[in-house]
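Summary of the model geometry
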Amino acid sequence: MESLIEWMSQPWPWYVAGPLIAFTMVLLLFVGKSFGVSDTLRTTCAIGGGGRVSDFFDFDWRKQVWNLIFVLGAVIGGFIASTWLQQPEPIPLAQDTVMKLQELGISNPGADYLPEEIFSWESLFTLRGFVMLVIGGFLIGFGARYAGGCTSGHAISGLSNLQVPSLIAVVGFFIGGLIMTYLLLPVILTL
Amino acid sequence: MKFLTYLSIGTLFGIIMTKSQAISWYRIYEMFRFDAFHMYGIIGSAVILGIISVALIKKYKFKSTEGTPITFSPKNMSIPRYLFGGTIFGLGWAMTGACPGPIYTLIGNGYSVILVVLFSAILGTMAYGILRKRLPH
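Predicted, not measured: the structure shown is a model, and the values here were computed from it.

The phi angle at Leu162(A) is positive, at roughly 55°, despite the residue not being glycine. Note that Leu162(A) resides in the loop between helix H8 (151-160) and helix H9 (164-188). Taking the relative accessible area as the measure of exposure, Leu162(A) reaches 63% and is therefore exposed. A positive phi angle, near 45°, is found at Lys61(B), a position not held by glycine. Its location among the elements puts Lys61(B) in the loop between helix H3 (38-59) and helix H4 (80-96).

Below, the structure is given as structure tokens:
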């Protein structure tokens, strides 16, 4: 048992994680649901009474409660992994990435999952932190619903079902991601 | 019983996302810089196996545990909707390093400030709902 936990605590390579994500999607299909995490944001709006401001939130959210339970599981999974399956080594990032980030003022790339300079409560009250956390989150919620799905709904579920709209959405994800990474982040990170 | 089913599949997903480092801001930054294969390997292998699984489910007409056939709803065709929406999403994804799945998983990992990202994402969804009729779809 102890060696199993030790084995599971190693960072999982892509060829373990990718197939397991496909397995997650298939499990949901077999219990009659479809894999799409950003739907939970819309459901939350509906539960909060969003139907009063837009008919987009006027639907029977009870049918979506399963997805809220699923993401509660994702929270628990994160807790389990960080509590009992934690690996002590830093993330083995590409050398080019590390150097670029140090240039942009991130002191210790890969030491933790997130750069603490940006993702902390103190940073939230700086211009840089506010833009990264508040504007960033807003764009995720707005864009995911506009595109009708996020990484799970389009890149995994949609592409698995050979949906052209999902391919267009994924192309969009990369257009936005590349603009941010190459043009905007160098400015925002040095604010 | 169903509650436990959804909860345990979600728990598995949270563990996978954490242990594969797909929740890491650094891994997403590295992906958009094309510096490493890691994230492409994760998404690529998930999609290839996903395509095979969905094709098999359709071919053999598998039923769900509820006894109903497993169905897939095709998405309505549009270019502006997916391109504009996708691009906006991509901007946010590269900024926070987290798509919605990792947002929840990071909170479980103890990064409480990600609650702010979640709250903003809900606000963004709300804003889309209000502006929806004025946007090109």
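In this section: the interface of chain B and chain A. Accessible area lost upon the coming together of the parts is a frequently used measure of interface size. Counting residues at the interface gives 108 residues for chain B, matched by 127 residues for chain A. Together, the buried faces of chain B and chain A total about 10300 Å²; carbon and sulfur atoms form 77% of this surface. The largest contributions to the chain B side of the interface with chain A come from Lys19(B), Tyr26(B) and Met95(B), which together make up 9% of the buried area. At the boundary of chain B with chain A, the tally comes to 2 salt bridges. Here Arg132(B) and Asp55(A) are joined by a salt bridge, their closest N and O atoms 3.1 Å apart. The interface formed by chain B and chain A holds 29 residue pairs in polar contact (both at pLDDT 80 or more) in total.

What follows concerns helix H6 (residues 114-131) of chain B. In this model, H6(B) (18 residues) spans 26 Å end to end at C-alpha, consistent with the 26 Å of a helix rising 1.5 Å per residue. Tucked into the core, H6(B) has its buried residues touching helix H3 (39-47), helix H6 (121-124) and helix H7 (127-147) of chain A together with H4 and helix H5 (100-108) of chain B.

Structurally, Ala74(A) can be placed in helix H4 (residues 65-84). If we ignore the near neighbours within four places in the chain, the residues touching Ala74(A) are Gly10(B), Thr11(B), Phe13(B), Gly14(B), Tyr104(B) and Thr105(B).

Looking now at the confidence of the model for chain B. For chain B, the average pLDDT comes to 97, and 100% of its residues sit at 70 or higher. With a pTM of 0.96, the predicted complex shows an ipTM of 0.96.

Counting residues in each nonpolar core, the largest one holds 99 residues, and the members touching the most others are Phe35(A), Phe70(A), Trp25(B) and Ile114(B). Among the elements that take part in this core, H7(A) stands out by supplying 9 residues, more than any other. Not counting residues up to four positions away in its chain, the partners in contact with Ile114(B) are Leu114(A), Phe119(A), Ile103(B), Leu106(B) and Ile107(B).

On to the domain arrangement of chain A. Residue and element names in this part refer to chain A. Entries for chain A in the domain assignment read domain 1 (1-86) and domain 2 (120-190). Taking the mean C-alpha position of each, domain 1 and domain 2 sit 18 Å from one another. With both sides pooled, the region where domain 1 packs onto domain 2 buries about 730 Å², and carbon together with sulfur makes up 66% of that total. One can count 1 salt bridge joining domain 1 with domain 2.

Our next topic: the packing of aromatic side chains. Counted according to the given criterion, the structure contains 24 aromatic pairs over all chains. Summarising the aromatic geometry, the rings of Phe89(B) and Trp93(B) are spaced 6.0 Å apart at their centres and angled 40° between planes, so their arrangement reads as tilted. You can see Phe89(B) and its partner Trp93(B) sitting in helix H4, 4 residues apart, about one turn around the helix. By relative accessible area, Phe89(B) is classed as buried at 0%. Given a relative accessible area of 3%, Trp93(B) falls into the buried group. Over the ring of Phe59(A) we find Arg42(A), and its NZ or CZ is 4.4 Å from the ring centre. Directly above the aromatic system of Phe72(B) lies the positively charged group of Lys58(B), at a separation of 5.3 Å from the ring centroid.

Let us look at the state of the cysteines. Counting across every chain of the model gives 0 disulfides over all chains. Cysteine Cys150(A) remains unbridged, with the sulfur of Cys99(B) as its closest cysteine sulfur at 6.1 Å.

Thresholds applied
Residues numbered from 1 in each chain as written. Chains lettered and ligands numbered in written order. Predicted model: local features only at pLDDT ≥ 70, side-chain atom pairs only at ≥ 80, totals over all residues. Heavy atoms only, no water. Helix = DSSP H or I, 4+ residues; strand = E, 2+ residues; numbered from the N terminus. Buried < 20%, exposed > 50% of the residue type's maximum accessible area, 1.4 Å probe, protein only. Contact = heavy atoms within 4.5 Å. Buried area = accessible area lost by both parts, 1.4 Å probe. Salt bridge = Lys/Arg side-chain N within 4 Å of Asp/Glu carboxyl O. Polar contact = N/O pair within 3.5 Å; in protein donor to acceptor, adjacent residues only side chain to side chain. Expected span 1.5 Å × (residues − 1). pLDDT = per-residue confidence, 0-100. Core = buried A, V, L, I, M, F, W, Y, C linked by side-chain atoms within 4.5 Å. Domains from an automatic or database assignment. Phe/Tyr/Trp six-rings, centres within 6.5 Å; stacked < 30°, edge-to-face > 60°. Lys NZ or Arg CZ within 6 Å of the ring centre and 35° of its normal. Disulfide = S-S within 2.5 Å.

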